[in-house]
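# Architecture and fold: a report
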Amino acid sequence: MDIFEILKFINNLLGFVFGEIGNFVTGLLGKGAGTELVLMILAALGIITYGAVTMMALTWFERKLVARIQDRIGPNMAGPFGLMLPLADGVKMLTKEDTTPANADRWVYLIAPLMISAFAMTSMAVVPFAPNVVGTNLDIGAFFYIAIGSGSTIAILMAGWGSNNKYSLLGAFRTVAQLVGYEVPMLLNVLPVVMLTGSMSLVDIINKQTNVGDGYGFPFILFLPLSALVFIISGIAETGRSPFDLMEAESEIVAGFHVEYSGMKFALFMMGEYVNAAVVAFMFSTFFLGGYAGPIFVPSYVWFLLKSAAVFSIFMWLRGTLPRVRVDQLVNLNWKFFVPLSIINIIMVMIVTKVFVTSPIQAAANGGILVPPVLLMAILFAFGGGLMLAALSLAARSMREKREAEARVIAERRAVNRAFATAPAGK
Amino acid sequence: MTYSIAIFVALAIITIGAAIAVVTLRNVFHAALMLVVAFFGVAGFYVLLEAGFFAAAQVLVYIGAISVLLIFSVMLTRGVFMAQARNQQSGYAAVAAGVMFVLIAALVGPIAINWPGLRIGNFVLPPRVLGNPIEFAVPSPKAVQPDYLTRFGSNLIETYGVGFLLAGVLLLLAMVGAIWVARERKLMEIVLERREMAAEAKVESDADTAAGAEPATPPEPAAGAAH
């Protein structure tokens, strides 16, 4: 047994363990529909537990990292490096008084936090963590993720309405403008990935980025730099994290849609938010960074977590350094910049992948120039990067022109005022 | 007979119950939420029929977009905050619902009765739901999965290409219209327009009083301009 075999075993360990658990349960209960149901429930429980643990780890990680960015130490009292802080938080949340506003729309108010965390957990079901470790390998995985993500809008609206509070309702209104809008560029930038893969299954998308079979051998971020950039920014906006945290802007509308929630209900909101952010990081690493695929000297599940943690660190970096954007800036950025840019990008990818094909079968059937994946990557990267630079310079120029025009108007007004001020009185 | 029949019955109860609640609940906001539940039930039927793509599309379009729009407009309706809104046209609504039901029954009824799995006498449900009262040509549901998506896609582009394009043009027109309505305007333009509308309304109401109609009510656009 050489070192390669051992590495391979470690690589597939997680899938092996879960497979054995499945075999054990099947052996215990016998084959049948009932056993399948039990296995599904077990898998769902596992994913939910994983989501809760992810949330606890991320709260600690975020506090520590943001504290470093702001030149503080961060949590250091509870346990070594403050690692027990999430548990302390849990105790605090559980012992807090659980209030319900007197005039709240009671059922709507109570169901909203449950719905938010349920939607967040549901989108975890399609995340492939390691080879053969995926809740369910749906053939429409990428689409499923976007569809489930759109459901949390309703839950936030319910929370904002049910609390019977002006600030909650304002937060909910902002949420609608933000979430409904940013779904569009997110969907439009998953589309090029699906077009390159030819499948919406997340496992197929990862396989296409490896050397195995007809894979390209490179992560899609090198093929689609523009899509990756727009996807990550819309992902941050979609989860309502800083600098797009308008729905819970403390300085404007107290805490937005969850002003009236306390105790575990508030914790459920936090859980939904963190799990959603984690899923965006998971999805980014799946779509653009190759997911669990990577050189074998590091196990697949560790690759996946490393990539996701790196993406999540970018979220925290932005949170620690950028101020909050204005509502009109947020909406304009989406509809006037991201959506048209994404559509142009899709058309570009469509034409390039029709002209330059990598599979000989497709070349024989539909025509087109047969190129190796590296060349396709270089062409797409050049086109995508060029498009990005062109769009950015265009946006920068239009903004500069607008600023200059405003400055001219102000200067003119000042000159007029000065002329009036210095004019001799009387006449 | 597997547990899919139990799921089917549960989904049917949820969907129909929610749909009834939509039209019977007094609170308009609750009715809108019940509509969301009904949409979820329909998505569940798609899942049961092994059409995952359509289930996801149902969730994305009907729950993520249309319901949100509906709830938003309910929230902006005057009087929802103060009192329970009441439907003052329930008679017309009942007539419209009856007509719609007859139309749908006339359209879907013949297809449903001739459907291979459905027997009214013995009450047999569509074959996919039950498992296999009638064997289909496809060997297993898993094998059919990628096929239905590609078939759906190519049908959309090839067979129904014209309709697909027309729907796209319709949506584009709607979008252009929305942008036109919400376009940025100079303040003076709005003031002049309001003034014009108020003058027109005044002329109309004057004409009404001159013709001996009921006493003039304050012209609405003028009231709007006062805001």
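What counts and how
Residues numbered from 1 in each chain as written. Chains lettered and ligands numbered in written order. Predicted model: local features only at pLDDT ≥ 70, side-chain atom pairs only at ≥ 80, totals over all residues. Helix = DSSP H or I, 4+ residues; strand = E, 2+ residues; numbered from the N terminus. Buried ≥ 20, exposed ≤ 12 C-beta atoms within 10 Å, placed from the backbone. Contact = placed C-beta atoms within 7 Å. pLDDT = per-residue confidence, 0-100. Core = buried A, V, L, I, M, F, W, Y, C linked by C-beta atoms within 7 Å. Nonpolar A, V, L, I, M, F, W, Y, C, P; charged D, E, K, R; others polar. Expected span 1.5 Å × (residues − 1). Axes fitted to C-alpha atoms, helices over the stretch in contact; angles between N-to-C directions. Parallel < 35°, antiparallel > 145°, perpendicular 65-115°, else oblique. Left-handed = near helix turned anticlockwise from the far one by under 90°. Bend = angle between axes of the 7 residues up to and from the residue.

### Some thoughts on the overall build of chain A
Helices and strands together make up the secondary structure of chain A, namely 15 helices and four strands. Its C-alpha atoms give chain A principal-axis dimensions of roughly 105 × 65 × 40 Å. The buried share of chain A, taken over its 427 residues, is 41%. Contacts in chain A between residues at least 24 apart in sequence constitute 75% of all its contacts with a sequence separation of at least 6.

### Some thoughts on the overall build of chain B
Helix and strand counts for chain B stand at nine helices and zero strands. Considering chain B as a whole, with its 227 residues, one finds that 11% of them fall into the buried category. Residue pairs at least 24 apart in sequence account for 44% of intrachain contacts in chain B once pairs closer than 6 positions are excluded.

### A word on the confidence of the model for chain A
Parts of the model with low pLDDT should not have their predicted coordinates read in detail. Within chain A, residue pLDDT values average 84, and 97% of them lie at 70 or more. Within chain A, helix α9 (residues 225-238) of chain A carries the highest mean pLDDT (89), whereas helix α10 (residues 250-253) of chain A carries the lowest (68).

### Structural notes on the nonpolar core
Counting residues in each nonpolar core, the largest one holds 122 residues, and the members touching the most others are A:M158 and A:F284. Here this core takes 15 residues from helix α11 (residues 263-287) of chain A, the largest share from any one element. Aside from chain neighbours lying at most four places away, what touches A:M158 is A:V108, A:I111, A:A112, A:M115 and B:L33.

### Here's the deal with the interface of chain A and chain B
Contacts between the two partners involve 20 residues from chain A, matched on the other side by 20 residues from chain B. Of all the secondary structure elements, the ones that give two or more residues to the side of chain A that touches chain B are α6 (141-162) and α7 (166-197) of chain A. For the side of chain A that touches chain B, the leading source of residues is α6(A), giving twelve residues. Along the lines of polarity and charge, the residues of the side of chain A that touches chain B split into 15 nonpolar, three polar and two charged.

### Some words on the confidence of the model for chain B
All names here are of chain B. Averaged over chain B, the pLDDT score is 74; the fraction of residues at 70 or greater is 69%. Summarising per-element confidence for chain B, the mean pLDDT is lowest in helix α9 (residues 220-226) (45) and highest in helix α7 (residues 161-181) (89). The low-confidence segment residues 218-227 (pLDDT under 50) makes 15 contacts with residues lying over four places distant or belonging to another chain. Both scores are available for the predicted complex, with the pTM at 0.80 and the ipTM at 0.78.

### What about α6(A)?
Residue and element names in this part refer to chain A. Between its first and last C-alpha, α6 extends 32 Å over 22 residues, near the 32 Å set by a 1.5 Å rise per residue. In terms of burial, α6 is a largely internal element, 22 of the 22 residues being buried. Looking one or two places after α6, you find N164, whose phi comes out positive at around 55 degrees.

### Quick look at the packing of α7(A) against helix α3 (residues 52-76) of chain B
As a packed pair, α7(A) and α3(B) sit with axes 11 Å apart at the nearest point and diverge in direction by 160 degrees. The pairing of α7(A) with α3(B) is recorded here as roughly antiparallel in orientation. Note on packing geometry: the crossing formed by α7(A) with α3(B) is left-handed. Where α7(A) approaches α3(B), its residues A:V176, A:V180 and A:E183 are matched on the opposing element by B:G64, B:A65, B:V68 and B:F72. Its residues assigned to classes, the contact of α7(A) with α3(B) shows five nonpolar, one polar and one charged.

### A short note on unusual backbone geometry
Residues and elements named next belong to chain A. Even without a glycine there, the phi angle at D71 is positive, about 60 degrees. Note that D71 resides in the loop between α3 (33-69) and α4 (85-95). A positive phi angle is found at N164, which is not glycine, with a value near 55 degrees. Overall, N164 belongs to the partly exposed group, with 18 C-beta atoms counted inside 10 Å.

### What about helix α5 (residues 106-124) of chain A?
Under the 1.5 Å per step criterion, the end-to-end length of α5(A) is 29 Å for 19 residues, consistent within 8% with the ideal 27 Å. The largest bend in α5(A) is about 30 degrees, located at A:A112, with the proline A:P113 one to four residues further on.

### With respect to the environment of B:I66
Relative to the helices and strands, B:I66 is located in helix α3. Measuring from C-alpha to C-alpha, the distance between B:I66 and B:E158 comes to 28 Å, with 92 residues separating the pair along the chain.

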